[in-house]
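Fold and contact review
Spelled out, the chains give:
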Amino acid sequence: MSNAYLAYAAKRLAQAFIVILLAYVFTFVVVSILPGDPITNVLRDPQNGFTEDQIKQIIAAQGLDQPIPVQLWTSLSHFVTGDLGLSMRSNRPVTTLIAEVLPSTLILASAAFAIALLLALTIAYGTQFLPKRFGQGLLRGFPSLFLSVPNFVIGLVLIHVFGFQLGLFRVIAPDSFWATFFAAVALSIPVSARIAEVLIANLDKEAEQEYAAVARGRGLTQTRLFSKHLLKPSSLPVVTVIALAIGELLGGSLITETVFGRTGIGSLVQRSVSTQDLPVLQAVVSLAAVVFVLVNLIADLIYPLLDPRVKLIGGRGRRPTTTDDSATATTAAVTS
């Protein structure tokens, strides 16, 4: 790796760390100004059975008797070291609560991401090589259709058709293979639309370049032309969309888990909001921000590796718009 890339990566790492800290501070401030008194609503709830001595101990342990700036500094210091505090509802470590439900959400989000990529690539491939009647008309309308239908509506339809009508899975067994698969399908469809739209637009642009015409003239098969010559130069903007889609997957998984009755981060957030369990709520939101920032950081670091035409100027990745790009790509198509 060149020194320019290492300097670029170091700068982006520093920026990501600052953004994560600011996101945590913002989350702390927002959670702190939420209406209601968590001490009264949670600790002094008769159903919880806490005595006054226990309430005082929990308040002291949570640092809720300290001024807000002191609470922020203490909470931020613990967050940096991986200590997410104790739940006000169950008095259990927040990391333990998250660890219990995180695998279910990760399985759902990972499956949805894989399905979204497969759908987007299939649609994009079809728009380039199927007859115009299908590729130009039917397939190009799919992304708009997918975006117009919310994932919870798709989930309800899938439950009705494949759960109740066809009996492929049981609603009371939401963690079974087929239940997880159809939950991932419901979550992936809107995400695949955004990826497909950007990929199709860039494939259309690349297909009109000289190197594509040279590759066709050499008799390359459609699959080889797509995978070797069109897909890679078209994928750079798609990386950005995929990075943004990770955040959509995390947010959409909360709704999808509720629709399919899955126990995951979504159910944990629901309980935390309803009971004003602020440490859990703050930890989940902060971790979501961390994941979103890290995914976008990875996308930024991938840009120069994915396309050598990206120049690192002033610590940022930029792609100069010159005619040399087409000439270089044409030469690659001839020599490949």
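The rules behind these values
Residues numbered from 1 in each chain as written. Predicted model: local features only at pLDDT ≥ 70, side-chain atom pairs only at ≥ 80, totals over all residues. Heavy atoms only, no water. UniProt positions renumbered as here; feature names shortened; annotations may be inferred. Helix = DSSP H or I, 4+ residues; strand = E, 2+ residues; numbered from the N terminus. Patch = residues over 30% accessible without salt bridge, like charges linked within 9 Å, V, L, I, M, F, W, Y side chains within 5 Å. Areas by Shrake-Rupley, 256 points an atom, 1.4 Å probe, with all protein chains shown as cover. Salt bridge = Lys/Arg side-chain N within 4 Å of Asp/Glu carboxyl O. Buried < 20%, exposed > 50% of the residue type's maximum accessible area, 1.4 Å probe, protein only. Polar contact = N/O pair within 3.5 Å; in protein donor to acceptor, adjacent residues only side chain to side chain. Contact = heavy atoms within 4.5 Å. Core = buried A, V, L, I, M, F, W, Y, C linked by side-chain atoms within 4.5 Å. Phe/Tyr/Trp six-rings, centres within 6.5 Å; stacked < 30°, edge-to-face > 60°.

1. What to know about the UniProt feature "transmembrane region" (unreviewed entry) in the protein chain
According to UniProt, the feature "transmembrane region" (unreviewed entry) maps to residues 12–34, 106–125, 145–164, 176–196, 236–260 and 280–306 in the numbering used here. End C-alpha atoms of residues 176–196 are separated by 29 Å, and the span's content is 95% helix alongside 0% strand.

2. A few points about a nonpolar patch on the surface
A cluster of nonpolar side chains, Phe152, Val153, Leu156, Val157, Val161, Leu166, Leu168, Phe177, Trp178, Phe181 and Ile255, forms an exposed patch at the surface whose accessible area comes to about 970 Å². Elements that contribute at least two residues to the nonpolar patch include exactly helix H7 (151–165) and helix H8 (177–207). With 5 residues, H7 is the single largest residue contributor to the nonpolar patch. Its location among the elements puts Phe177 in helix H8. Exposure remark for Phe177: the relative accessible area of 59% places this residue in the exposed category.

3. Overview of the side chain of Asn296
With respect to the helices, strands and loops of the structure, Asn296 is situated in helix H13 (residues 278–306). In terms of polar contacts, Asn296 uses its side chain to reach the backbone carbonyl oxygen of Phe292, at 2.7 Å. Dropping the residues within four chain positions of it, Asn296 is found in contact with Arg12, Ala243 and Leu244.

4. Re the pattern of salt bridges
According to the stated counting rule, one finds 3 salt bridges in the structure shown. In this structure, Arg12 engages Asp300 in a salt bridge whose closest nitrogen and oxygen atoms are separated by 2.3 Å. In this pair, Arg12 is assigned in helix H1 (residues 3–32) and Asp300 in helix H13, connecting sequence segments 288 residues apart. A salt bridge links Asp175 to Arg262, with the shortest nitrogen-to-oxygen separation between them at 3.8 Å. Pair noted here: Asp175 is in the loop between H7 and H8 and Arg262 is in the loop between helix H11 (236–260) and helix H12 (265–275), with a separation of 87 residues, a long-range link. Judged by its relative accessible area of 6%, Arg262 is buried.

5. Concerning the nonpolar core
Core analysis: the biggest nonpolar cluster contains 37 residues, and Leu158, Phe169, Val191, Ile195, Leu203, Leu249 and Phe260 have the highest contact counts within it. When contributions to this core are tallied by element, the ones reaching two or more residues are helix H5 (94–129), H7, H8, helix H10 (222–234) and H11. At 15 residues, the largest contribution of residues to this core is made by H8. Each residue touching Phe169, except ones within four places of it in the same chain, is listed here: Leu158, Ile159, Phe162, Gly163, Ser176, Trp178, Ala179, Phe182 and Phe260. Residues Tyr8, Phe79, Leu84 and Leu297 belong to the second largest nonpolar core, which totals 24 residues.

6. Concerning the packing of aromatic side chains
By the definition in use, this model includes 10 aromatic pairs. Relative to Phe181, the ring of Phe177 has its centre 6.5 Å away and its plane inclined at 15°; by these criteria the two rings are stacked. Linking Phe177 with Phe181, this pair stays in helix H8, spanning 4 residues, or about one helical turn. On the numbers, 5.2 Å between centres and 75° between planes, the contact of Phe181 with Phe182 is edge-to-face. Pairwise contacts between aromatic rings join Phe162, Phe169, Phe177, Trp178, Phe181, Phe182 and Phe260 into one cluster.

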